[in-house]
Amino acid sequence: MLFTSFEFVAFLACVLGLYYLIPVRFQWVLLLVANVFFYAHSGLYGLLFMGVTIVTSYAAARIMSAVQYHMDDTVKAHKEVWSKQERMIFIGCLLVNLGILAVLKYTNFAIANVNGIAALFTGRHSIARVNLVLPLGISFYTFQTMGYVIDVYRGKAEAEKNI
């Protein structure tokens with residue numbers, strides 16, 4: 001669904017109309033459903049990548065928040081163990097989410113560079129380009145969720161209870 005298409009304008013008009021017609025407490029549900037529909041309409045792969053980013057970020061933040069909750073003066077002996085667990089969860093979340101972004105955005109760039117170097121020595125290209133679907137806004141939502149996870153890790157924000 002292109003932003004310049006009639007289909008998108010109609011979709012946006014319906015979402016905006018419903019948004020102002022339904023009670024405030026349900027508006028976030030409408031926006032969530034509209035967002036999922038929009039990404040699903042452009043391909044299930046984009047929805048899959050977004051889902052992995054959402055679930056890993058939510059789970060990491062909740063686990064880190066639980067670890068931070070248990071760190072008080074009465075358990076100083078276990079503080080180092082919990083800090084290591086929290087750091088490993090944080091790093092794992094970063095690797096998964098930034099890994100998805102890196103693979104989707106830079107695989108063909110890396111292949112082109114390897115082929116360029118191979119062409120210098122062999123005179124031919126050895127690796128075919130990959131047709132990966134790059135979901136709209138993947139950098140934006142990846143960095144937004146990573147900012148949230150970093151804030152939870154640093155103790156500047158509490159983990160959301162609602163996914």
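Rules used throughout
- Residues numbered from 1 in each chain as written.
- Predicted model: local features only at pLDDT ≥ 70, side-chain atom pairs only at ≥ 80, totals over all residues.
- Heavy atoms only, no water.
- Helix = DSSP H or I, 4+ residues; strand = E, 2+ residues; numbered from the N terminus.
- Rg over C-alpha atoms; globule rule 2.2 N^0.38 Å.
- Core = buried A, V, L, I, M, F, W, Y, C linked by side-chain atoms within 4.5 Å.
- Buried < 20%, exposed > 50% of the residue type's maximum accessible area, 1.4 Å probe, protein only.
- Contact = heavy atoms within 4.5 Å.
- Axes fitted to C-alpha atoms, helices over the stretch in contact; angles between N-to-C directions.
- Parallel < 35°, antiparallel > 145°, perpendicular 65-115°, else oblique.
- Left-handed = near helix turned anticlockwise from the far one by under 90°.
- Phe/Tyr/Trp six-rings, centres within 6.5 Å; stacked < 30°, edge-to-face > 60°.
- pLDDT = per-residue confidence, 0-100.

## Quick word on the overall build of the chain
In terms of regular secondary structure, the chain is built from five helices and zero strands. Secondary structure elements of the chain occur, N-terminal to C-terminal, as α-α-α-α-α. The C-alpha radius of gyration computed for the chain amounts to 21 Å, which surpasses the reference 15 Å derived for 163 residues by more than 25%, pointing to a less compact arrangement than a globule. Across its three principal axes, the chain shows a C-alpha extent of roughly 65 × 55 × 20 Å.

## Side note on the nonpolar core
Grouped together as the largest cluster of nonpolar side chains are 14 residues, with contacts concentrated most on Phe11, Phe38, Ile138 and Tyr141. Residue assignment for this core shows that the elements contributing at least two residues are α1 (6–21), α2 (24–42), α3 (44–70), α4 (76–122) and α5 (138–154).

## Things to note about the environment of Ala61
When you line up the elements, Ala61 lands in helix α3. Linking Ala61 and Tyr153, residues 92 residues apart in sequence, is a C-alpha distance of 7.3 Å. With residues up to four places along the chain from it excluded, the contact list for Ala61 reads Tyr148, Val152 and Ala159.

## Brief notes about the environment of Leu2
Of note, Leu2 is situated in the segment before α1. By relative accessible area, Leu2 is classed as exposed at 61%. C-alpha separation for the pair Leu2 and Ser42, spaced 40 residues apart in sequence, amounts to 9.1 Å.

## Digging into the packing of α1 against α2
Two elements in contact, α1 and α2, have axes separated by 9 Å at closest approach and are oriented at 165 degrees. Viewed along their axes, α1 and α2 adopt a mutual orientation that is roughly antiparallel. Once α1 is placed against α2, the crossing between them reads as right-handed. Within the contact between the two elements, α1 uses Glu7, Phe8, Phe11, Val15, Leu18, Tyr19 and Tyr20 and α2 uses Gln27, Leu30, Leu31, Ala34, Phe37, Phe38 and His41.

## A short note on the packing of aromatic side chains
Here the structure, examined in full by the defined rule, presents seven aromatic pairs. Their ring planes at 20 degrees and their centres at 6.3 Å tell us that Phe11 and Phe38 sit as a pair that is stacked. On the criterion of sequence distance, the pair formed by Phe11 in helix α1 and Phe38 in helix α2 is long-range, its members being 27 residues apart. Residue class for Phe11 comes out buried when judged on its relative accessible area of 17%.

## What to know about the side chain of Asn108
Here Asn108 lies in helix α4. The contacts of Asn108, once residues within four sequence positions are left out, are Arg129 and Val130.

## So, the confidence of the model for the chain
Per-residue confidence for the chain gives a mean pLDDT of 85; residues scoring 70 or more make up 91%. In the model of the chain, α3 stands out as the element of lowest mean pLDDT, 84, in contrast to α1, which has the highest, 94.

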